[in-house]
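Here are the chains, one letter per residue:
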Amino acid sequence: MTAPMRNALVPLRDGVIARAQREADAELRVARREAETLIAEAREASSAAVDKAVARGREDAAAARSAEEARRRRSERAVELAAQREAFEELIGEVTARLSQLDDQALRDRLRGRVRSALGSEAEVVDAPGGGVIGRVPGRLVDLSFRTAAARAVEELGADVERLWTP
């Protein structure tokens, strides 16, 4: 190509380059706006995700606190019931001991008579550990042991026995 031809193409070449530069600048501006929009959306999404995670964490913490509180209340109630049961058993033991002081042959004979009245003359009647008697026939049992009598007497106190463990 000759110099005059080259010189004649310079304005055309400069125009093409300028046009390409303008188009590239326009594309770059569009790309930057799109990138800014994407970044803003990503920030909003991440902020929403963090907010949601914080809320979920608070909910989980509240649920964990509630569960722990329920476990603590159950544990306290178990301790309370164990203490009540211990007091109940202690009272039964004391009543049984008092009944044992009354034990003699005449009392045992009267108790044997009651068992035979309830179960019949064929009843097997044995002395109960701790005093009293227990009678059996097939399918039936009559427990007139001092321990059982003491437990029944304490149970018959009903709500009054609760005074043992309430202030």
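Residues numbered from 1 in each chain as written. Predicted model: local features only at pLDDT ≥ 70, side-chain atom pairs only at ≥ 80, totals over all residues. Heavy atoms only, no water.

A. Summary view of the sheet that holds strand β3 (residues 140-145). The strand order across the open sheet built from three strands is β1-β2-β3, with neighbouring strands paired in antiparallel fashion. For this open sheet the edge positions go to β1 (124-127) and β3, each flanked by a neighbour on one side alone. Averaged over neighbouring strand pairs, the angle between their axes works out to 15° when direction is ignored. Note that β1 and strand β2 (residues 132-137) share four bridges and pair antiparallel. The partner of Val 126 across the bridge, within β2, is Ile 134. Its contacts with the sheet place helix α2 (residues 105-119) against β1, β2 and β3, and it is angled at close to 20° to β2. On top of the sheet, helix α3 (residues 146-156) reaches β2 and β3; it is set at about 80° to β3, its chief contact. (Pairing = 2+ DSSP bridges. Helix = DSSP H or I, 4+ residues; strand = E, 2+ residues; numbered from the N terminus. Axes fitted to C-alpha atoms, helices over the stretch in contact; angles between N-to-C directions. Contact = heavy atoms within 4.5 Å.)

B. Molecular detail of the packing of helix α1 (residues 3-102) against α3. Relative to each other, α1 and α3 sit at 125°, their axes nearing to 8 Å. With respect to each other, α1 and α3 are oriented oblique. Handedness of the α1/α3 crossing: right-handed. When α1 is examined against α3, the residues Phe 88, Glu 89, Leu 91, Ile 92, Gly 93, Val 95, Thr 96, Leu 99 and Ser 100 are found in contact with a partner set consisting of Phe 146, Arg 147, Ala 149, Ala 150, Ala 151, Val 154 and Glu 155. In terms of residue class, the contact of α1 with α3 is made up of 10 nonpolar, three polar and three charged. (Parallel < 35°, antiparallel > 145°, perpendicular 65-115°, else oblique. Left-handed = near helix turned anticlockwise from the far one by under 90°. Nonpolar A, V, L, I, M, F, W, Y, C, P; charged D, E, K, R; others polar.)

C. Region of interest: the pattern of salt bridges. All told, the structure shown has 11 salt bridges when counted by the stated rule. Between Arg 85 and Glu 89 there is a salt bridge, with its nearest N and O atoms 3.0 Å apart. Highlighted residues: Arg 85 and Glu 89, both in helix α1, separated by four residues, approximately one helical turn. On the accessibility criterion, Arg 85 (46% relative accessible area) is partly exposed. With relative accessibility at 27%, the residue Glu 89 sits in the partly exposed group. Through salt bridges with shared partners, a single network forms among Glu 69, Arg 72, Arg 73 and Glu 76. (Salt bridge = Lys/Arg side-chain N within 4 Å of Asp/Glu carboxyl O. Buried < 20%, exposed > 50% of the residue type's maximum accessible area, 1.4 Å probe, protein only.)

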